[in-house]
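Chains, contacts and geometry: an overview
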Amino acid sequence: MSALLAIRDSLMGERGLQRWAFYIPVVFMALFFAAPVALTLVWSVFERTMFWMEPGFTLAAYENFFTSARAENYVYSMIHSAVAVVVSFVIGFPIAVFVRRRVVKAAQHRVILLFILPFMISELVRVFAMRPVLGRNGLLNTGLMELGIISEPITIILFSPIGVVIGDVISFLPFMVFAGFLAMEAVQTYIFEVCDDIGVGRARTFRDIIVPLAAPGIFAGGVFIFVNSLGVALVPTILGGPGAVNAGLIVNQAIVALDFPLAMAISAIMLLTLVVLLYVGHRLFDLTKILQPIS
Amino acid sequence: MAEPFSSTNTEPPAVEVVGLGKNYGPVKALDSVNLSIAQGGYTVLLGPSGGGKTTLLRLLGGFIRPTAGKILLHGRDVSGLPPNQRPTTMVFQSYALFPHMNVEKNVGYGLKIQKKTKTDIAASVERILSLVGLEGYNKRMPHELSGGQQQRVQLARSLVLERDILLLDEPLAALDAKLRKDMCIELKRIQEKIGITFVHVTHNQEEAMTIADRIAIIADGKIVEEGSPREIYERPQRKFTAAFVGENNLIEGKVINVNGDGLTMDAGFAELAAITKKQASVGSEIAISIRSELIRILDGNDGQAEGVQKIPATYLEEVYLGLTTMHLVRLPNGVEVAVRRISDDDADFGGTAGQEIIVGWNREDAGVHTD
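Residues numbered from 1 in each chain as written. Chains lettered and ligands numbered in written order. Predicted model: local features only at pLDDT ≥ 70, side-chain atom pairs only at ≥ 80, totals over all residues. Heavy atoms only, no water.

1. Quick look at the side chain of Glu-186 of chain B
Within the secondary structure layout, Glu-186 of chain B lies in helix α5 (residues 177–194). Those residues in contact with Glu-186 of chain B that sit more than four places away from it in its chain are Leu-131, Val-132 and Arg-152 of chain B. (Helix = DSSP H or I, 4+ residues; strand = E, 2+ residues; numbered from the N terminus. Contact = heavy atoms within 4.5 Å.)

See below:
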């Protein structure tokens, strides 16, 4: 009898509840994170039927992917995403450095928070708003022509891979600013004084000291941008033209065509890409450092 | 007292600052300071926190620009030059190493910037590491080193640049007491060996005494006093110095009589005679200082000796400090006075709380401070 009571207490009593509360995140992650990932892998080898799929084992979806133009598009999508990462670094990281170095300490976090503001606008609207800016008769072209800098409108910046890269940078730049800002915590003020004392020039300080020290954070920001550029279908849908697709859009098109195993297979390949990326990053920069307090 | 580094040659001093001032908004961190530091010595800038000593050091190094005045290093005006174009280099208070470089790279980086060849760099690094006692640590990363070792690496990184003046900004502040003492002796040894000018900032007077050839006391943005450690400790001129350095008992009062070799001060409860060459007019406010180890609790016979200043006091308590024991007594004007004795000599010394006693000192041991 007392044994039963003890079991009841352990499940229902105050201590029991506390213990279960601890597992809630575990259950949540299992249900909404691990399970979908596992199912993606499982479904990718299912047999395709007219409107859904049925259990089985076939690599037809993978074969379909690698033998069609999709594989090529996927590679281009990776290249475009990489370009978006580089451009975001070139623009975003100096912003982070500037805020750390030149803004009063008490105001730094507020300035960085300003970069959240764009996220308050629906991404659809934000990306769509690029059209009247980048278009043939858009703000940019009209402006440049008025100034006499160009005589013909530049058409390569919209409905093209370049348009997609521009859209990705505008959408995801804040990630680089945030990650870079956090990463700059690892580069303390004394570093700059030591460099002044030794006589290290600015470019050299940036290359030899700042970038290596901030590398884990820069990499983390880069991964965020890469993954989103690769996977968010919205940007190429609105700004890309024919041929300017990303992995997310390829998946979208597969779903629209009711080819679910193909959609799952492409997702699995994206997953693998990310895992490889994270592994390489971890070997290079020890990503655990991002979460370590700076002593 | 001879000045150990008074220049007998015609070389300009290593450091000469003239009317140097630095304001932060309305705050005067440094106020028209004049200071001259001869070449090749170990000078300590000693003073309380916020007194301006670090500001002065950073001005010498070129990390901040003066609001007023000039800085001459080896006779050359460097006021407008950046840190790397001055003959100075700095050792910082924090363990300011490049965290992603090992010891060898940290030390050699400055030479790499100067475009020295790899062989030259390796040889210099090796030589400097052995000078600071870190042979064989070449491949260690900063986080694998103790605080003391990290400061040695910093020292090596500065020394390898072979500049003529080494600035040290509280380099030992983060170390524990034992290590600090060892490092003091080590720093002094290194300075004597390489013979360049060291300028060291600290608020720790024991550190200053251990290490310095010359001490400059800095407080409230001004140089209060300069001298050898012995002068500063044994014959402090200014009242501030007497209060800041060592353990001096200060008794304040008014001058009531001045004669050829001294004066008499009315402390309110007694008239105290002191020997001094200082000029003080009758009626002016002065202070007499007497170090705690030179003040004594007198017994009947001792009090009869020639030249002893006696005053009545109340015994308060005994504080055992290991090597020494401190006896606290209160003077009739309420001022508490510390009497320090070697503990071993102390078996039957002292008294009981509240006991009326006589304390005294030899008149020539007291200092007179007019400001």
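What follows continues from the structure just given.
2. Details of the nonpolar core
In this structure, Leu-45, Phe-98, Leu-155, Leu-159 and Phe-198 of chain B are the most contacted members of the largest nonpolar core, which totals 116 residues. One finds Ile-251, Ala-267, Ala-280 and Ala-366 of chain B within the second-largest nonpolar core, a separate group that totals 26 residues. (Core = buried A, V, L, I, M, F, W, Y, C linked by side-chain atoms within 4.5 Å. Buried < 20%, exposed > 50% of the residue type's maximum accessible area, 1.4 Å probe, protein only.)

3. A word on the packing of aromatic side chains
Residues and elements named next belong to chain A. Enumeration according to the criterion identifies 16 aromatic pairs over all chains in this entry. With a centroid separation of 5.9 Å and 55° between ring planes, the pair formed by Phe-93 and Phe-206 is classed as tilted. Highlighted residues: Phe-93 in helix α4 (residues 69–102) and Phe-206 in helix α11 (residues 202–231), separated in sequence by 113 residues. Overall, the relative accessible area of 0% leaves Phe-93 in the buried class. With a centroid separation of 6.3 Å and an interplanar angle of 20°, the aromatic rings of Phe-172 and Phe-175 are classed as stacked. Within this pair, Phe-172 and its partner Phe-175 are both found in helix α9 (residues 161–183), separated by three residues, close to a single helical turn. Relative accessible area serves as the criterion here: at 4%, Phe-172 is assigned to the buried category. (Phe/Tyr/Trp six-rings, centres within 6.5 Å; stacked < 30°, edge-to-face > 60°.)

4. Examining the interface of chain A and chain B
The partner chain B presents 23 residues to the 15 residues of chain A that form the contact. Carbon and sulfur atoms supply 63% of the area that chain A and chain B bury against each other, a total of about 1600 Å² over both sides. Across the contact surface, chain A and chain B share two salt bridges. Note that Arg-163 of chain B is salt-bridged to Asp-197 of chain A, the shortest N-O span being 3.7 Å. (Buried area = accessible area lost by both parts, 1.4 Å probe. Salt bridge = Lys/Arg side-chain N within 4 Å of Asp/Glu carboxyl O.)

5. A closer look at the domain arrangement of chain B
Residues and elements named next belong to chain B. Taken domain by domain, chain B holds domain 1 (15–239) and domain 2 (247–369). Averaged C-alpha coordinates put domain 1 and domain 2 at centres separated by 39 Å. Of the roughly 740 Å² buried at the junction of domain 1 and domain 2 (both faces included), carbon and sulfur atoms supply 41%. The three residues of domain 1 that bury the most area against domain 2 are Tyr-233, Arg-235 and Lys-239, which together make up 65% of that side's buried surface. Between the two partners, domain 1 and domain 2, sit one salt bridge. On inspection of domain 1 and its partner domain 2, the count reaches five residue pairs in polar contact (both at pLDDT 80 or more). (Domains from an automatic or database assignment. Polar contact = N/O pair within 3.5 Å; in protein donor to acceptor, adjacent residues only side chain to side chain.)

6. A few points about the sheet that holds strand β15 (residues 296–297) of chain B
Residues and elements named next belong to chain B. As summarised here, the arrangement of the five strands in space is β15-β19-β16-β17-β18, forming an open sheet in which the pairing is antiparallel. Lying at the two open borders of the sheet, with one neighbouring strand each, are β15 and β18 (336–342). Taken together, the six bridges between strand β16 (residues 308–320) and strand β17 (residues 324–330) define a ladder with antiparallel strand orientation. Counterpart to Glu-318 in the pairing with β17 is His-327. (Pairing = 2+ DSSP bridges.)

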